[in-house]
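Listed below, chain by chain, are the residues.
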Amino acid sequence: MQPDHRHTAGRPAHHAGPAGFSVGLVAPDLRPWTRGNVGVPGVWSFAAAQPGPHTAIVSMVHGNEYAGAIALLRLLEAGVTPLRGRLSLVFANLEAFVRFDLRQPTASRYVDEDLNRVWCRAVLDGPRESAELRRARELRPLIDTVDVLLDLHSMLWDSDPLLLSGTTEKARRLALAIGAPRLVVGDQGHVGGRRLIDYRPFADPGTKRAAVLVEAGQHWVEGTVETLFATIAGLLRHTGQIGEAGAAALAPQKHAPAPVFAQVTMTVTAESSDFRFVRAFRGGEVVRDRNTLIALDGDAEIRTPHDDCILVMPSLRTCRGHTAVRLAKLVGVGEPMRG
């Protein structure tokens, strides 16, 4: 089925919701594509004759993060297929996405619970029910066949883009090989549950399967889509599943500084309902001096644990029990990207 090319995905909307967040991207029309081609709604999978890895690119794990869906929609419209192996493109939380409302752009992150906190076998196999668990269970048979996974995300607050590699060396190597965004961060995930990249088949150091997550920029700006194209092109170059002409059509490869790796040294979770930063920090900002006060959690002070502390994705409005910020330290430099 061919898409309706009259949709306005990616064109500026410039709508400011009541929370003050500007929405500069129109939500894409995914209706022609929601049926998928493998019997699972929102999943498209294409196999080449030549053997190779099964690579999955997952968008819209959060329903209001549709920059990734715009990127995948353009891949589908362009007819991108792999040179070898299998390539699967996934629109994940369709049920949350259809609830997106410009007047409340943050309200459709999920229906019942965060789809990126349920990827634990005990949860997936357990008795609990929710819209997101139903969707995770529906996607799980496909995910269980994937060798390389890229999870496309964006951020509510303005931050430098980055790749999250979790805890494994194999994921760190994958992220550095992708090369865009430049910053790769190794982290422990969230106390609230396992992300897709933390799902055991990927997180087990004893397997070759690897998954990384890109946070490409603010949710509703065109630059975030362009960053996602650069990440997708870097991934498919690395897996050998796209030719140079196809990769260049997504995102021309440019001379760029070597990617860098930072390790999270401290995850700050809000312990009270009165968590506040001392000022509006931007993600990627570096606090030079150890013991600098950055936030208050009720009466408790949050200070940087070391010099040159990188603030990873600070959430300027944090609820109790949620991650407020991750603090990281630069520990290595990868190979320069080649033009």
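The shown structure was predicted, so the numbers you read here are calculated from the model rather than taken from an experiment. Sequence positions are assigned chain by chain, starting from 1 and proceeding in written order. Thresholds applied to this predicted model are a pLDDT of at least 70 for local features of residues and 80 or more for the giving and counting of side-chain atom pairs; totals over whole chains, interfaces and linings are not thresholded and use all residues. Heavy atoms from the whole structure form the basis of all side-chain values; hydrogens and water molecules are not counted.

### Observations regarding the pattern of salt bridges
Opposite charge on two side chains lets them pair, provided their charged atoms get close.
And then number 1: We define a salt bridge as a side-chain nitrogen of Lys or Arg found within 4 Å of a carboxyl oxygen belonging to Asp or Glu. A complete count under the given rule lists 25 salt bridges for this structure.
And then number 2: Between Asp101 and Arg103 there is a salt bridge; the shortest N-O distance is 2.9 Å.
And then number 3: For Arg172, the salt bridge identified is with Glu169, shortest N-O distance 2.4 Å. Placement of both Arg172 and Glu169 in helix 5 (residues 169–178) is noted, with a separation of three residues, approximately one turn of the helix.
And then number 4: Among the charged side chains, a network of salt bridges with common partners joins Glu65, Arg109, Asp114 and Arg117. Each helix corresponds to a stretch of at least 4 residues labelled H or I by DSSP, and each strand to a stretch of at least 2 residues labelled E; elements are numbered beginning at the N terminus.

### Regarding the packing of aromatic side chains
And then number 1: Stacked, tilted and edge-to-face pairs are distinguished by plane angle, under 30 degrees for stacked and over 60 for edge-to-face with tilted covering the rest, among Phe, Tyr and Trp rings (Trp via its six-membered ring) whose centres lie within 6.5 Å. Using the criterion set out here, one finds nine aromatic pairs in the structure.
And then number 2: Through a chain of ring-to-ring contacts, the aromatic side chains of Tyr66, Phe97, Phe100 and Trp220 assemble into a single cluster.

### As for the nonpolar core
And then number 1: The set of buried Ala, Val, Leu, Ile, Met, Phe, Trp, Tyr and Cys residues whose side-chain atoms join them within 4.5 Å is what this entry labels a nonpolar core. Burial status follows relative accessibility: with a 1.4 Å probe on protein chains alone, a residue under 20% of its type maximum counts as buried, one over 50% as exposed, and anything between as partly exposed. Core analysis: the largest hydrophobic core is formed by 52 residues, its most contacted members being Ile57, Tyr66, Phe91, Leu150 and Ile232.
And then number 2: Of all the elements, helix 1 (residues 67–78) adds the most residues to this core, at eight residues.
And then number 3: Whether two residues touch is decided by their heavy atoms; if any such pair falls within 4.5 Å, the residues are in contact. Sequence-distant contacts of Tyr66, that is, excluding residues within four places in its chain, are made with Val23, Leu25, Val26, Ala27, Pro28, Met60, Phe97, Phe100 and Trp220.
And then number 4: Within the second largest apolar cluster, 36 residues are counted, among which are Val40, Val146, Leu164 and Val312.

### Side note on helix 1
And then number 1: Multiplying 1.5 Å by the residue count of a helix minus one yields the expected span of that helix. Helix length check: helix 1, at twelve residues, gives a terminal C-alpha distance of 17 Å against a target of 16 Å (1.5 Å per residue), a fit within 8%.
And then number 2: With respect to burial, helix 1 is a largely interior element, nine of its twelve residues being buried.
And then number 3: Contacts made by the buried residues of helix 1 are with strand 3 (43–47), strand 4 (54–59), strand 5 (86–91), strand 6 (148–155), helix 7 (222–239) and helix 8 (244–250).
And then number 4: Gly79 lies just past helix 1 and shows a positive phi near 70°.

### Describing the sheet that holds strand 11 (residues 275–277)
And then number 1: Strands are treated as partners if at least two bridges between them are detected by DSSP. Read across the open sheet, the three strands follow the order 11-13-14; overall the sheet is antiparallel. The sheet is open, and its two edges are formed by strand 11 and strand 14 (300–303), each paired on a single side. Along the sheet, successive strands turn relative to each other by an average axial angle of 25°, direction set aside.
And then number 2: As judged from the three bridges shared by strand 11 and strand 13 (residues 293–297), these two strands associate in the antiparallel manner. By the bridge assignment for strand 13, Phe277 is matched with Ala295. Simply put, an axis is a line fit to the C-alpha atoms, just over the touching stretch for a helix, and the angle between two N-to-C directions goes from 0 to 180 degrees.

### Some details on unusual backbone geometry
And then number 1: Of note, the amide linkage connecting Ala180 to Pro181 takes the cis form, showing an omega dihedral of 0°.
And then number 2: Backbone geometry at Asn291 places phi at a positive 70°, although glycine is not the residue there.
And then number 3: One can find Asn291 in the loop between strand 12 (286–287) and strand 13.
And then number 4: Of note, Asp308 is a non-glycine position whose phi angle comes to about 50°, a positive value.

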